[in-house]
Amino acid sequence: MPVIVVLALFDAVMKAIAMWKSARNNHLVWFVCIAVFNTIGILPIVYLVLHKQNKL
């Protein structure tokens, strides 16, 4: 049971961060995919890694 709770929290946090960033970057397709598909945090991580911006 604790593993399910941890995975659910992890997925919610990653999904919220990725949806926020995709909305700010006007990536509508990514936003919809992240909102619709439940991938236990994998799709949001892929988005965040692919669209990482380097700040100098």
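Conventions used here
Along each chain, numbering runs from 1 in the same order as the chain's sequence is written. Confidence filtering applies because this is a predicted model: local features only for residues at pLDDT of at least 70, side-chain atom pairs given and counted only at 80 or more, and all residues used for totals across whole chains, interfaces and linings. Just so you know, side-chain values use all the structure's heavy atoms and leave hydrogens and water out. Going along the chain from the N terminus, every DSSP run of H or I of four or more residues is numbered as a helix, and every run of E of two or more is numbered as a strand. Relative accessibility decides the category of a residue: with a 1.4 Å probe and only protein chains considered, values under 20% of the type maximum give buried, values over 50% give exposed, and everything between is partly exposed. By definition, residues are in contact when any of their heavy atoms lie within 4.5 Å. For the accessible areas, the method is Shrake-Rupley and the probe is 1.4 Å, while residue cover comes only from the protein chains on display. In this description, a nonpolar core means a group of buried Ala, Val, Leu, Ile, Met, Phe, Trp, Tyr and Cys residues linked to one another through side-chain atoms lying within 4.5 Å. Axes, fitted as lines to C-alpha atoms, cover a helix only where it is in contact. Angles between the N-to-C directions of the axes lie from 0 to 180 degrees. For this classification, under 35 degrees means roughly parallel, over 145 means roughly antiparallel, 65 to 115 means roughly perpendicular, and everything else is oblique. With the far helix as reference, a near helix turned anticlockwise by less than a right angle produces a left-handed crossing, and one turned clockwise produces a right-handed crossing. For this classification, Asp, Glu, Lys and Arg are treated as charged, while Ala, Val, Leu, Ile, Met, Phe, Trp, Tyr, Cys and Pro are nonpolar and the rest, including Gly, are polar.

A. Layout of the overall build of the chain. Helices and strands together make up the secondary structure of the chain, namely 3 helices and 0 strands. Ordered by position in the sequence, the α and β elements of the chain form the string α-α-α. Referenced to the eigenvectors of the C-alpha coordinate spread, the extents of the chain come out at roughly 40 × 30 × 15 Å. Across the 56 residues in the chain, those meeting the buried criterion constitute 20%. Sequence separation of 24 or more characterises 47% of the internal contacts of the chain that already satisfy a separation of 6 or more. Within the structure as shown, the chain displays about 4,500 Å² of accessible surface, and the carbon and sulfur contribution to it stands at 73%.

B. Region of the structure containing the nonpolar core. By size, the foremost hydrophobic cluster in this structure holds 6 residues: Met-14, Ala-18, Met-19, Ile-34, Tyr-47 and Leu-48. Taken together, the elements giving at least two residues each to this core come down to helix H1 (2-24) and helix H3 (42-50). Top contributing element to this core by residue count: H1, with 3 residues. Ignoring sequence-local partners within four residues, the contact set of Leu-48 consists of Met-14, Ile-17, Ala-18 and Lys-21.

C. Focus on the packing of H1 against helix H2 (residues 28-36). One way to put it is that H1 packs onto H2 with a least axis distance of 8 Å and a crossing angle of 160 degrees. On the basis of the axis angle, H1 is roughly antiparallel to H2. In terms of crossing hand, the pair formed by H1 and H2 is left-handed. Where H1 approaches H2, its residues Lys-15, Ala-18, Met-19, Ser-22 and Ala-23 are matched on the opposing element by Trp-30, Phe-31, Ile-34 and Ala-35. Of the residues belonging to the contact of H1 with H2, the class tally is 7 nonpolar, 1 polar and 1 charged.

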